[in-house]
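What the coordinates show
As a plain string of letters, each chain reads:
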Amino acid sequence: MEKWMVAAKKADFEGWARRFGISPVLARIIRNRDITEPEEVEKFLGGTLADCYSPWLLKGMEQAVALIQKDLGLGMKIRVIGDYDVDGICSSYILTRSLREMGATVDTAIPHRIRDGYGLNDTLIEEAHSDGIGLIVTCDNGIAAQSQIALAKELGMQVVVTDHHEVPFVEDKGRKIQQLPQAEAVIDPKQEGCGYPWPGICGAVVAYKLVQALGERMAYGGIAKLLEALLPFAAMATVCDVMELKDENRILVQEGLKRFAACENPGLHALLEVNGLDPAAVSAYHLGFVLGPCLNATGRLDTARRALQLLESQDKVSAMTAARELKELNDSRKNMTLQGVEQAVRRLEAAGGDPDPVIVLYMPEVHESLAGIIAGRVKEKYHHPVFVLTKGEEGVKGSGRSIEAYHMYEAMSRVKQYFTKYGGHKMAAGLSMREEDVEPLRKALNLDCGLTREDFAPLVHIDVPMPISYASMELAKELEKLEPYGTGNPKPLFAQKGVYLIRGRRIGAKQNFARFTVEADGRRQELLFFGDLEEFCGGLEEKHGPGSARRLFDEGGCYEMGIAYQLGINRYRGREELQLTIQNFYFV
């Protein structure tokens with residue numbers, strides 16, 4: 001059962017409205033994004049790249065820049081080691097391209113998800129040594145690779161870690177003591193003593209900041225143009241790694257999206273073309289749900305090197321070939337994911353009763369690269385923390401996705417004896433373990449997990465209770481000032497009680513969506529519904545009796561309900577139409 005909560009945060013909404021030329025409704029929504037001061041409102045509405053933070057505020061930046069600059073001067077061979085997700089691929093591209101433009105002899109290694117697993121391993125270190133590498137620069141990984149970095153140093157190599165994940169820790173008398181790798185330099189905004197004002201940046205932004213600082217220190221003449229060219233990749237990684245779109249992240253994504261149309265990268269343009277996207281109209285949604293999954297698919301079903309090669313393509317022909325392959329891989333991944341989710345749900349339903357507070361599913365037959373996506377879908381359905389474990393080439397591998405009330409990385413750290421390798425943050429994690437430890441892990445995670453039944457009720461955060469009769473094209477256009485939407489800055493949600501369903505019409509190629517005529521406050525209006533229509537009809541019949549759904553669509557009716565809805569504009573062939581969409585509902 002959903003729990004609807006109306007935001008009740010206080011501020012001088014009328015004062016904000018006058019000062020910034022916005023409506024009190026918009027002022028209230030901005031306050032609901034945990035923005036409290038007028039200066040923050042100004043930055044939210046009109047922030048520019050000049051408002052982003054200096055890279056020198058990141059702890060370890062001075063040491064990293066000094067070392068890389070010295071090694072560049074010595075002509076030392078550098079290897080960038082990234083990760084196989086979008087953040088890791090974009091981080092690798094940002095660092096490799098930049099170091100190469102600044103004169104470095106540099107190449108890239110990205111772990112193979114199945115053969116290598118997440119992050120650094122001994123094989124990658126030994127290969128670097130064999131290839132005569134003098135400096136390893138990690139991106140989007142490395143913070144948890146203490147033994148691998150120690151091996152690199154034993155072999156005479158230097159290491160700079162750039163990462164954004166949680167720092168491993170041990171507990172001593174209730175105090176967390178971070179365990180940093182002994183690299184020459186560590187840049188991670190999560191490390192103790194780092195005074196960076198906005199630590200919630202992704203790995204690609206950490207890499208971007210390193211490039212910015214290095215360019216400044218070296219007085220590199222092309223740094224401004226280079227940073228402009230790299231901004232779309234930092235934006236894509238921020239969205240795809242589900243970072244909060246607040247503060248600096250919001251500015252980077254907003255500015256990155258503006259630069260897609262002018263981006264000269266052949267691979268990125270090819271990816272846009274095969275997905276039928278206009279570069280001038282790319283949104284955060286397209287980054288997270290269209291382009292990002294194509295890059296991710298290579299790391300899931302093949303090797304992420306193919307995605308990196310796409311971004312490094314120099315001509316349209318090779319770029320288009322690579323982009324088509326990525327899209328085909330992603331289409332295949334979608335089908336495999338759907339089958340995996342259906343299988344997971346069948347297993348949970350067959351078990352009967354309530355699921356464990358922390359759901360642990362061992363699915364050895366599922367492709368290990370899909371564990372995270374399946375865990376996320378199961379989490380959305382049951383609103384429990386979920387781990388999906390699969391059988392890898394060596395032992396068990398898995399991924400977890402969490403809910404707000406459960407800090408996944410900290411929970412895993414309390415039972416780390418069951419893992420051969422693990423890492424992540426509050427909302428997501430990856431792991432490797434022995435097969436015989438799967439059941440003990442399930443029991444250990446559920447023992448004193450601290451979760452209550454209330455934690456499993458999905459929260460619906462209402463920004464403003466507002467009659468649908470107040471919805472207008474003027475307000476819809478004003479709401480566009482809040483874009484880009486995403487984690488931490490969701491599309492505004494309004495709500496009204498006492499809405500009556502008058503008639504329904506099925507729409508869509510599969511007739512699985514609906515357009516409803518509703519009446520509220522004596523006025524009729526059209527609303528769209530793109531959710532689960534079977535669930536909607538089932539709820540209607542449960543409240544108003546068998547046949548009520550059929551009557552609604554065939555003859556019409558009058559069924560009272562409460563709705564949470566979003567307001568937007570449907571633009572098509574030069575025409576604009578106000579669009580109200582039902583997101584949540586209950587029947588009265």
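Let me sum up the structure you'll find in this document. (Residues numbered from 1 in each chain as written. Predicted model: local features only at pLDDT ≥ 70, side-chain atom pairs only at ≥ 80, totals over all residues. Heavy atoms only, no water.)

**Concerning the packing of helix α1 (residues 13-20) against helix α3 (residues 38-46)**
How two helices sit against one another is set out by the angle between their axes and by the gap between those axes. Between α1 and α3, the shortest axis-to-axis distance is 11 Å and the interhelical angle comes to 50°. Of the possible angle classes, the one that applies to α1 and α3 is oblique. Seen from above, α1 lies across α3 with right-handed handedness. Every residue of α3 that contacts α1 at Trp-16, Arg-19 and Phe-20 is listed here: Pro-38, Val-41, Glu-42 and Leu-45. Partitioning the contact of α1 with α3 into residue classes produces 5 nonpolar, no polar and 2 charged. (Axes fitted to C-alpha atoms, helices over the stretch in contact; angles between N-to-C directions. Helix = DSSP H or I, 4+ residues; strand = E, 2+ residues; numbered from the N terminus. Parallel < 35°, antiparallel > 145°, perpendicular 65-115°, else oblique. Left-handed = near helix turned anticlockwise from the far one by under 90°. Contact = heavy atoms within 4.5 Å. Nonpolar A, V, L, I, M, F, W, Y, C, P; charged D, E, K, R; others polar.)

**Topic: the sheet that holds strand β8 (residues 185-187)**
The strand order β3-β2-β4-β5-β8 describes an open sheet built from 5 strands, whose pairing is parallel. Only two strands of the sheet have a single partner each, and these edge strands are β3 (105-109) and β8. Neighbouring strand axes in the sheet, compared pairwise and without regard to direction, differ in orientation by 20° on average. Taken together, the 4 bridges between strand β2 (residues 77-81) and strand β4 (residues 135-139) define a ladder with parallel strand orientation. Counterpart to Ile-81 in the pairing with β4 is Thr-138. Those strands touched by helix α4 (residues 61-74) are β2, β4, β5 (158-162) and β8, and its axis lies near 135° from that of β5. The strands touched by helix α5 (residues 86-101) are β2, β3, β4 and β5; relative to β3, the strand with the most contacts, the crossing angle is about 170°. (Pairing = 2+ DSSP bridges.)

**Focus: helix α11 (residues 266-274)**
Along α11, the positions that sit buried rather than exposed are Gly-267, Leu-268, Ala-270, Leu-271, Leu-272 and Val-274. Its side-chain oxygen 2.9 Å from the backbone nitrogen of Gly-267, Asn-265 forms the N-cap of α11. Of the residues trailing α11, Gly-276 is marked for its positive phi of about 65°. (Buried < 20%, exposed > 50% of the residue type's maximum accessible area, 1.4 Å probe, protein only. Polar contact = N/O pair within 3.5 Å; in protein donor to acceptor, adjacent residues only side chain to side chain.)

**Concerning the pairing of strand β18 (residues 523-529)**
By the bridge criterion, 7 bridges tie strand β17 (residues 513-520) to β18 in an arrangement that is antiparallel. In the sheet register, Arg-515 faces β18, and the bridge partner there is Leu-528. What sits between the antiparallel neighbours β17 and β18 is a turn of 2 residues, in which Asp-521 has the positive phi angle 55°. Where β18 and strand β20 (residues 575-587) come together, 2 bridges link them in parallel fashion. Along β20, the bridge assignment pairs Leu-528 with Thr-581.

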